[in-house]
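# Results of the structural survey
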Amino acid sequence: MTTVLNEPGVDGLTGVVDALRVWQDDRTPLQLHPGDLGWAWALGAERLAAAVRTWSVDGRIIAVGYLDDPDVLRLTTAPDLRQDGDLARQLLADLDDPERGVLPPGKVGLEIPNGALLREVLLEAGWSLDEPWTPLRRDLAEPVKASGLRIEVAGPETAGVRTAVHRSAFGSPAFTEEIWHVLAAGPVYADARCLIGYDDQDNAVAAATVWSAGPGKPGLLEPVGVHADHRGRGYGTAISVAAAAALRELGASSALVSTPTSNAAAVAAYRAAGYVPSSERLDVSRAA
């Protein structure tokens, strides 16, 4: 069977998101999630589509890649093909050949889920292990206790508050109110919520966006941030608890989040919010 590499275009993004939804499962390691594309929708559908690659066989999408940066690809495959040698070798060929239009020449990075044969194939071909990440998961079978913050679901009237917290938390001016409206208009956001956490003096101190992959599927926190003026007071933990509660209301089976292992404060905050670390995931990279 022939594997076809493709750029899906704007019209094909819904099919890509649908494939990612099907692949989400509590029994599989953390992987590219529909919410990752939902968050990237803030760039606009055209820019997002230009950053997505698919591999298909007989019309079935079997792998999806998202260029988080021009030289950083986040890649996952259909779970039943994680150990498929033919697919792993095809992916290696496409990743290593700039003419294929996936990754540029020179130094590049790749995120792939644990348990993928592709990692071994890449390492044998001269790629190297790179930055470690800590995936964490909170089971949502039981009700989630109150977070200690007053939680508001952001809407058009409070988008400015939501984006202001984000800009402060991440030191980035890019997430404006106008960008939030683009994000919220994306089809993936129908199963998402932007949360704003307020302290007892009604200061907006933290925010998070949560993404459902559908009932009975793991949901994703992306992103989570605390306003720079209110750090060190447990608000990161509190908003992560609120995010878990919101995902449970959306029917999610668990709440997922991932952070660089080097960010010990974030790992500690998630653990305090009831998220359990799983096996560390190592990115892989190709030298220049």
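In the nomenclature of an unreviewed UniProt entry, the protein corresponds to Acetyltransferase (GNAT) family protein from the organism Lentzea albidocapillata.

Within the protein, the secondary structure is distributed over 9 helices and 13 strands. Taken against the 2.2 N^0.38 rule, which gives 19 Å for 288 residues, the C-alpha radius of gyration of the protein at 19 Å falls within 12% of a compact globule. Expressed along its principal axes, the backbone C-alpha trace of the protein runs to roughly 60 × 35 × 35 Å. Every one of the 288 residues in the protein was classed for burial, and the buried ones make up 54%. Considering only contacts within the protein whose residues lie at least 6 apart along the sequence, 71% involve residues at least 24 apart. As displayed, the protein offers around 12,700 Å² of accessible surface, 51% of which is attributable to carbon and sulfur atoms. Across the protein, the mean location of the 25 positive side-chain charges is 4 Å away from that of the 38 negative side-chain charges.

The full count for this structure, using the stated rule, is 4 aromatic pairs. Arranged with centres 5.9 Å apart and planes meeting at 80°, the rings of Tyr189 and Trp211 form a pair that is edge-to-face. Placement of the pair is Tyr189 in the loop between helix 7 (177-185) and strand 8 (192-198) and Trp211 in strand 9 (residues 204-211), with a sequence separation of 22 residues. Of the two residues examined, Tyr189 and Trp211, each falls in the buried class. Feature note: the residues Trp180, Tyr189 and Trp211 constitute an aromatic cluster, connected by ring pairs.

On to the packing of helix 4 (residues 85-96) against helix 5 (residues 117-124). For the pair helix 4 and helix 5, interaxial distance at closest approach is 9 Å and the crossing angle is 50°. Regarding the angle of helix 4 to helix 5, the classification is oblique. Taken as a pair, helix 4 and helix 5 cross one another with a handedness that is right-handed. Taken together, the residues of helix 5 that come into contact with helix 4 (itself represented by Gly85, Ala88, Leu91, Leu92 and Leu95) are Leu117, Leu118, Val121 and Leu122.

Right, let's talk about the domain arrangement of the protein for a bit. When the parts of a complex come together, some accessible area is lost, and that lost area is often used as the size of the interface. In terms of domain boundaries, the protein breaks down into domain 1 (4-132) and domain 2 (138-282). Computed over C-alpha atoms, the centres of domain 1 and domain 2 are 25 Å apart. Counting from both sides, the interface comprises 25 residues of domain 1 and, opposite them, 32 residues of domain 2. Buried area between domain 1 and domain 2, summed over both chains or domains, comes out near 2,400 Å², and the portion from carbon and sulfur atoms is 62%. Across the domain 1-domain 2 interface, the total number found is 2 salt bridges. Close ionic contact of Glu111 with Arg281 constitutes a salt bridge, the shortest N to O distance being 3.5 Å. Counting residues per element, the ones that place at least two in the side of domain 1 that touches domain 2 are helix 1 (9-23), helix 2 (34-40) and strand 6 (128-139). At 5 residues, the largest contribution of residues to the side of domain 1 that touches domain 2 is made by helix 2.

Okay, the nonpolar core next. Membership of the largest hydrophobic core comes to 64 residues, with the highest contact counts inside it found for Leu95, Leu110, Leu118, Leu122, Trp127 and Leu183. Residue assignment places this core across two domains, with domain 1 (4-132) and domain 2 (138-282) each supplying three or more. If we ignore the near neighbours within four places in the chain, the residues touching Leu118 are Leu75, Ala88, Leu91, Leu92, Leu95, Leu110 and Ile112.

Note: strand 6 against strand 13 (residues 281-286), 4 bridges, orientation antiparallel. When the sheet's bridge partners are listed, Leu129 is paired in strand 13 with Val284. Pairing analysis gives 7 bridges linking strand 6 to strand 11 (residues 254-260), with the strands arranged antiparallel. Paired with Thr134 across the two strands is Thr259, which belongs to strand 11. Two strands pair when backbone bridges link them, and strand 6 and strand 12 (residues 276-277) are joined in this way by 2 bridges, in the antiparallel orientation. Across the sheet, the residue bridging to Leu136 is Pro277, located in strand 12.

Glancing now at the side chain of Ser254. Tracing the backbone shows Ser254 in strand 11. For Ser254, a relative accessible area of 1% corresponds to the buried category. Within the local environment of Ser254, its side chain forms a polar contact with the side chain of Asp26, the two groups lying 2.4 Å apart. The residues contacting Ser254, other than those within four sequence positions of it, are Asp26, Arg137, Arg138, Asp139, Leu140, Lys217, Pro218 and Gly219.

Cut-offs used in this document
Residues numbered from 1 in each chain as written. Predicted model: local features only at pLDDT ≥ 70, side-chain atom pairs only at ≥ 80, totals over all residues. Heavy atoms only, no water. Helix = DSSP H or I, 4+ residues; strand = E, 2+ residues; numbered from the N terminus. Rg over C-alpha atoms; globule rule 2.2 N^0.38 Å. Buried < 20%, exposed > 50% of the residue type's maximum accessible area, 1.4 Å probe, protein only. Contact = heavy atoms within 4.5 Å. Areas by Shrake-Rupley, 256 points an atom, 1.4 Å probe, with all protein chains shown as cover. Lys, Arg positive; Asp, Glu negative; His and termini not counted. Charge placed at Lys NZ, Arg CZ, Asp CG, Glu CD. Phe/Tyr/Trp six-rings, centres within 6.5 Å; stacked < 30°, edge-to-face > 60°. Axes fitted to C-alpha atoms, helices over the stretch in contact; angles between N-to-C directions. Parallel < 35°, antiparallel > 145°, perpendicular 65-115°, else oblique. Left-handed = near helix turned anticlockwise from the far one by under 90°. Domains from an automatic or database assignment. Buried area = accessible area lost by both parts, 1.4 Å probe. Salt bridge = Lys/Arg side-chain N within 4 Å of Asp/Glu carboxyl O. Core = buried A, V, L, I, M, F, W, Y, C linked by side-chain atoms within 4.5 Å. Pairing = 2+ DSSP bridges. Polar contact = N/O pair within 3.5 Å; in protein donor to acceptor, adjacent residues only side chain to side chain.

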